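Structural overview for review
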Amino acid sequence: MVRWDERTALLVVDVQNDFADPAGGLSVSGGDAIIPAVNEAIAGARAAGACVAYTQDWHPPDTPHFAKDGGIWPVHCVRDTWGAEFYPDLRVAGEVVRKGTGGEDGYSGFTVRDPASGDPSDTLLDSFLRDRGITTVVVAGLATDYCVRDTALDAVARGFAAFVLIDAVRAVDLQPGDGARALEAMRRAGVRSALASP
Ligand code: VGL
Ligand code: ZN
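Bear in mind that the values here come from a model prediction, so they are computed numbers and not experimental data.

1. Some details on a nonpolar patch on the surface
Taken together, Ile166, Leu183 and Leu195 make up a surface patch of nonpolar side chains, about 220 Å² in accessible area. Within the fold, leucine 183 resides in helix H5 (residues 178-189).

2. Some remarks on the coordination of the zinc ion (ligand 2)
Six octahedral donors around a metal ideally make angles of 90 or 180 degrees; four tetrahedral donors ideally make 109.5 degrees. With distances of 2.1 to 2.2 Å, the protein atoms coordinating the zinc ion (ligand 2) are Asp57 (OD), His59 (NE2), His65 (NE2) and His76 (NE2). Along the chain, the residues donating to the zinc ion (ligand 2) are arranged with the sequence spacing D-x1-H-x5-H-x10-H. Here histidine 59, found in the loop between strand E2 (51-57) and strand E3 (95-99), pairs with histidine 76, found in the loop between E2 and E3; they are 17 residues apart in sequence, far enough to count as distant. Under the relative-accessibility criterion, histidine 76 is labelled buried at 1%.

3. Concerning the packing of aromatic side chains
In total, this model carries 5 aromatic pairs according to the counting rule given. The interplanar angle of 90 degrees and the centroid separation of 4.8 Å between the aromatic rings of tryptophan 73 and tyrosine 146 together place this pair among those described as edge-to-face. Of the two residues, tryptophan 73 is situated in the loop between E2 and E3 and tyrosine 146 in helix H4 (residues 144-157); the sequence distance between them amounts to 73 residues. Since its relative accessible area comes to 14%, tyrosine 146 is described here as buried. Taking the centre distance of 5.9 Å and the plane angle of 25 degrees together, the rings of phenylalanine 110 and phenylalanine 160 count as stacked. Here phenylalanine 110 is found in the loop between E3 and strand E4 (111-113), whereas its partner phenylalanine 160 is found in the loop between H4 and strand E7 (161-170), with 50 residues between them in sequence. Taken individually, phenylalanine 110 and phenylalanine 160 each receive the classification buried, so the pair is uniform in this respect. One aromatic cluster is present, formed by Trp73, Tyr107 and Tyr146 through successive ring pairs. Looking at arginine 98, its charged tip hangs above the ring of tryptophan 58, at a distance of 3.6 Å from the centre. Over the ring of tyrosine 146 we find arginine 149; its NZ or CZ atom is 5.7 Å from the centre of that ring.

4. A few points about H4
By the burial criterion, the buried members of H4 are Thr144, Asp145, Tyr146, Cys147, Val148, Thr151, Ala152, Asp154 and Ala155. Residues of H4 that are buried make contact with strand E1 (8-13), E3, E4, strand E6 (136-142), E7 and H5. Downstream of H4 by one or two residues, glycine 159 has phi in the positive range, about 95 degrees.

5. Some details on the site of ligand 1
By nearness alone, every residue bordering ligand 1 is listed as Asp14, Phe19, Leu26, Asp57, His65, Trp73, His76, Tyr107, Leu142, Ala143, Tyr146 and Cys147. The contact in question runs from an oxygen atom of ligand 1 to an N or O atom on the side chain of aspartate 14, over 2.6 Å. With respect to ligand 1, the side chain of aspartate 57 contributes an N or O atom lying 3.1 Å from a nitrogen atom. If ligand 1 stood free it would expose 260 Å²; the protein chains cover 100% of that surface. Per-class residue counts for the shell around ligand 1 are 8 nonpolar, 2 polar and 2 charged.

6. Some points on the sheet that holds E6
One open sheet holds the 6 strands; their spatial order is E3-E2-E1-E6-E7-E8, and the pairing between them is parallel. Either end of the sheet is taken by a strand with one partner, and the two such strands are E3 and strand E8 (192-194). Ignoring strand direction, the axes of neighbouring strands in this sheet form an average angle of 25 degrees. Strand direction decides the pairing type here: E1 and E2, joined by 5 bridges, are parallel. Within the sheet, the bridge partner assigned to leucine 11 lies in E2 and is alanine 53. Strands E1, E2, E6 and E7 of the sheet are contacted by helix H2 (residues 35-47), whose axis makes an angle of about 155 degrees with E1.

Cut-offs and rules
- Residues numbered from 1 in each chain as written.
- Chains lettered and ligands numbered in written order.
- Predicted model: local features only at pLDDT ≥ 70, side-chain atom pairs only at ≥ 80, totals over all residues.
- Heavy atoms only, no water.
- Patch = residues over 30% accessible without salt bridge, like charges linked within 9 Å, V, L, I, M, F, W, Y side chains within 5 Å.
- Areas by Shrake-Rupley, 256 points an atom, 1.4 Å probe, with all protein chains shown as cover.
- Salt bridge = Lys/Arg side-chain N within 4 Å of Asp/Glu carboxyl O.
- Helix = DSSP H or I, 4+ residues; strand = E, 2+ residues; numbered from the N terminus.
- Donors = N, O, S within 2.8 Å, 3.2 Å for Na, K, Ca; no water.
- Buried < 20%, exposed > 50% of the residue type's maximum accessible area, 1.4 Å probe, protein only.
- Phe/Tyr/Trp six-rings, centres within 6.5 Å; stacked < 30°, edge-to-face > 60°.
- Lys NZ or Arg CZ within 6 Å of the ring centre and 35° of its normal.
- Contact = heavy atoms within 4.5 Å.
- Near = heavy atom within 4 Å.
- Polar contact = N/O pair within 3.5 Å; in protein donor to acceptor, adjacent residues only side chain to side chain.
- Nonpolar A, V, L, I, M, F, W, Y, C, P; charged D, E, K, R; others polar.
- Pairing = 2+ DSSP bridges.
- Axes fitted to C-alpha atoms, helices over the stretch in contact; angles between N-to-C directions.

If you want it as structure tokens, here you go:
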């Protein structure tokens, strides 16, 4: 269990219909099964006065992130569509940070990349957290092997202490074992594992 306090932020990554719903465009197997644990973490964080922030993958209809436009992914989380909405059972109470809004690529909640030049730029997440004096981030959501991993690794690289809630994340597993490898990469980088549920 994580000890929640006002210097700790829970980051709920991309718990959107296209990832969490079995009918979603990039459905993560077992994605809906993490929702009770995610909601438990949200409730615990809020009860202790910790900050809760949510990321949303928020793509334009055409982006080199999608296979049809030269990328690798099926169409998902197109802005203002059902697939981009939060999964209905998710308790949403906190700041929402959208990423990819201008067609940028990348997975981290902190950083996006220009699809043509590859140049990175920051989302609003880093300044949102620093403005509130946050020193520790706790990551839950989807997917372990992409946005959760890159968000947690970026958090450590930016000087935050970081935890991943291993019962509140699920992997895409394009290749078998991707989720386990992502957890190992996080561990090596100094991300600590914790449970959302006692
Ligand atoms: C994600 C693949 C493509 C994620 C986003 O949220 O993990 N994965 N876009
Ligand atoms: Zn995406």
